[in-house]
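# Remarks on the overall topology
For reference, the chains in residue letters:
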Amino acid sequence: MLGIDVEACRGRQKRLLATLEGQSLDAIVVTHNEHVQWLVGPRYEFKFSPAAVLFADGRVGLVAPNEAPETAAADDVRTYEAQWLCTLRNDQRAASSDAVLAILKEAGGLKRLGVEYSSYPVHVSSQFPAELVDIEPEIYRQRRKKDADEIAKIRMAISGTEKMYEKAREIICPGINELEVFNQLQAAAVAQYGEALTGTGNDYASGEMGGPARDRKVEDGELYILDLGPAFRGYFADNSRAIAVNGKPTDEQLEAWTYIMKVFAHLESVVKPGKSCKELFLEVQDILKAAPIGEFPHHLGHGIGLYPHEAPHLNSCWDDKFEVGDVFTCEPGLYDARLKFGMRLENDYLVTETGIENLSPFKMELA
C-alpha cells in the first residue's frame, strides 16, 4: 500500500463532492501540490505546478508536468512543458493554467467553481468567468481523517525515525560534530526507505532548545534534543527524543524527565474522539508547572500528514477536538540552563474509535 492507491483517491474525490453537494458546484479546481496528490495520487515536487479538476459528475482531469504519470486516479490527463532542453521554466503556473483552461472550456456550461483561494491562479480566473467558492478550508478539514494508504506511508516515515534514533544512540558522545550526527541520521532514514527522503527536519542542535545542525562539537553534560521529521513519499513523521551526550543524565535531568513522562501517561488515558485539544494543552501545562526545574513555552503538538503541521492543533490558540483518523504529535518539553538545555520528547499517535494508538513506541529514556 506504499504506492498510489487509486481506489483510496477515488474515495476521497467522492467524499469531497458529497460534502460540497449543497453548494451546487459545477467543478472543483485544485492547485496545491499536496491536494493534487491527496485527490489524484501522483506526488510532484515544489518546483512544478500540477492541477486537478474534479467535475460534479465525478470525472477528474489532471494537469501534469512534462509527461503523464503511470498511475493516477484521473480520467483525462493533460501535460504541460515544464522544461525545455532540461531547463526548468520559471512560468510553471502559467503553462499549467493553459491546460486547466482547456479542460474547463471544453466542459462547457461551468458557472460555479470551487477553488483554493490561496493558490487559484489569475491566469485562469482572468480568462474563465465563473462564480468562485473557496473550498480550501473543507479540503484541509477532510485531510484530517487519514485513510489506510496514508497511514501506511506515515508508518513508513516513522520507521525512518526509529532507525535514526538507533543510530543516534550509537554515535552520540562528547566531541562528535553536529553535522556528522545530521549526516549519519539522514543516511539511516534513506537506508530504511530505500529511496531519497521527500522532506527532512527538524532539530539537530545539542545543548539548545532546537535548531539546525551546526559545525560544532557537542559537549559533555549536554542534552541533545533530536526532533526528527523525515517524509516518505510526501507524508511526514515528527517525533523527538533527548539523549544525554555522555550517557549519564544528571539527577535534575532525570527528575525533569519523570514529569515529561507523566504527560504521556495522562495523554494516553484521556484522549479519545471528542476530547478538547485546548483542554488537554491546559491540563499538560498544569502537570509541567509542578516540575522543580524547567519551563514549557510552546505548543503541545499538532497533526501531521502531507504537511509538517496540520490539524488538530494541541494549542491554546485553537479549540479543536480530536477526531477518529487524526494522526497527531504530542511533544511536551522542559527547558532550563541547568538542564543543559532541556528536553523535548514527542510521540506520534493515531486517534481510533476508543482512544489512541502510539505509532512511535520506541525508547524514550535519556540514556
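Since the structure is predicted, the reported quantities are computational estimates derived from the model, not experimental observations.

## Details of the overall build of the chain
When its secondary structure is counted, the chain shows nine helices and 20 strands. A compact globule built from 367 residues would reach a C-alpha radius of gyration of about 21 Å, and the chain, at 23 Å, matches this within 12%. Taken along its principal axes, the extent of the C-alpha atoms in the chain is 70 × 50 × 35 Å. Evaluated residue by residue, the chain yields a buried proportion of 54% over its 367 residues. In the chain, 65% of the contacts between residues at least 6 apart in sequence involve partners at least 24 apart.

## Remarks on the sheet that holds strand S9 (residues 202-203)
If you walk across this open sheet you meet the three strands as S9-S10-S13, and the pairing is antiparallel. Both edges of this open sheet fall to S9 and strand S13 (239-244), since each of them pairs with a single strand only. Here S9 runs beside strand S10 (residues 223-228); their pairing, made up of two bridges, is antiparallel. Paired with Asn202 across the strands is Leu228, a residue of S10.

## Re unusual backbone geometry
Residue Asn202 follows Gly201 across a cis peptide bond; omega there is 0 degrees. The omega torsion across Lys340 and Phe341 is 0 degrees, close enough to zero to call that bond cis. With a phi close to 75 degrees, Cys86 is a non-glycine residue in the positive phi region. Here Cys86 lies in the loop between strand S5 (83-84) and strand S6 (87-88).

## Observations regarding the nonpolar core
In this structure, Ile28, Leu104, Leu113, Ile172, Leu185 and Leu226 are the most contacted members of the largest nonpolar core, which totals 74 residues. Element by element, the count of residues in this core is highest for helix H6 (residues 148-171), at nine residues. Ignoring any residue separated from it by four or fewer positions in sequence, one finds Leu185 in contact with Met164, Lys167, Ala168, Ile171, Tyr204, Leu226 and Leu228.

## Observations concerning the packing of aromatic side chains
Evaluated as defined, the whole model comprises six aromatic pairs. Between Arg59 and the ring centre of Phe55, over which it is positioned, the NZ or CZ distance is 4.4 Å.

## Side note on the packing of helix H2 (residues 33-40) against helix H5 (residues 136-143)
One can describe the packing of H2 onto H5 by two numbers: an axis separation of 12 Å at closest approach and a directional angle of 60 degrees. For the element pair H2 / H5, the angle class is oblique. Crossing handedness for the pair H2 and H5: left-handed. Mapping the contact onto sequence places Glu34, His35 and Trp38 in H2 and Ile139, Tyr140, Gln142 and Arg143 in H5. Along the lines of polarity and charge, the residues of the contact of H2 with H5 split into three nonpolar, two polar and two charged.

## Digging into the packing of helix H1 (residues 6-19) against H2
Relative to each other, H1 and H2 sit at 105 degrees, their axes nearing to 6 Å. Relative to H2, H1 is oriented roughly perpendicular. Here Cys9, Arg12, Gln13 and Leu16 of H1 lie close against H2, whose contacting residues are Gln37, Trp38, Leu39 and Val40. Classifying every residue of the contact of H1 with H2 by side-chain character gives five nonpolar, two polar and one charged.

## Things to note about the pattern of salt bridges
Inspection of the entire model under this criterion finds 31 salt bridges. Among the salt bridges present, the one from Glu45 reaches Lys47, with a minimum N-O distance of 3.5 Å. A relative accessible area of 34% means that Lys47 is categorised as partly exposed. Close ionic contact of Arg112 with Glu131 constitutes a salt bridge, the shortest N to O distance being 2.6 Å. Of this pair, Arg112 sits in strand S7 (residues 112-115) while Glu131 sits in strand S8 (residues 131-134), placing them 19 residues apart in sequence.

## Details of the environment of Gly109
Position of Gly109 relative to the elements: it lies in the loop between helix H3 (92-107) and S7. What makes Gly109 exposed here is its relative accessible area of 64%. Sequence-wise, Gly109 and Asp26 are 83 residues apart; in three dimensions their C-alpha atoms are separated by 8.4 Å.

## Considerations on the environment of Leu223
Topologically, Leu223 is positioned in strand S10. The spacing of Leu223 and Glu255 is 32 residues in sequence and 14 Å in space, taken between C-alpha atoms. The residues contacting Leu223, other than those within four sequence positions of it, are Ser206, Gly207, Ile243, Ala244, Gln253, Leu339, Lys340, Phe341, Gly342, Met343 and Leu366.

What counts, and at which threshold
Residues numbered from 1 in each chain as written. Predicted model: local features only at pLDDT ≥ 70, side-chain atom pairs only at ≥ 80, totals over all residues. Heavy atoms only, no water. Helix = DSSP H or I, 4+ residues; strand = E, 2+ residues; numbered from the N terminus. Rg over C-alpha atoms; globule rule 2.2 N^0.38 Å. Buried < 20%, exposed > 50% of the residue type's maximum accessible area, 1.4 Å probe, protein only. Contact = heavy atoms within 4.5 Å. Pairing = 2+ DSSP bridges. Core = buried A, V, L, I, M, F, W, Y, C linked by side-chain atoms within 4.5 Å. Phe/Tyr/Trp six-rings, centres within 6.5 Å; stacked < 30°, edge-to-face > 60°. Lys NZ or Arg CZ within 6 Å of the ring centre and 35° of its normal. Axes fitted to C-alpha atoms, helices over the stretch in contact; angles between N-to-C directions. Parallel < 35°, antiparallel > 145°, perpendicular 65-115°, else oblique. Left-handed = near helix turned anticlockwise from the far one by under 90°. Nonpolar A, V, L, I, M, F, W, Y, C, P; charged D, E, K, R; others polar. Salt bridge = Lys/Arg side-chain N within 4 Å of Asp/Glu carboxyl O.

The values are spatial; any link to function lies outside them.
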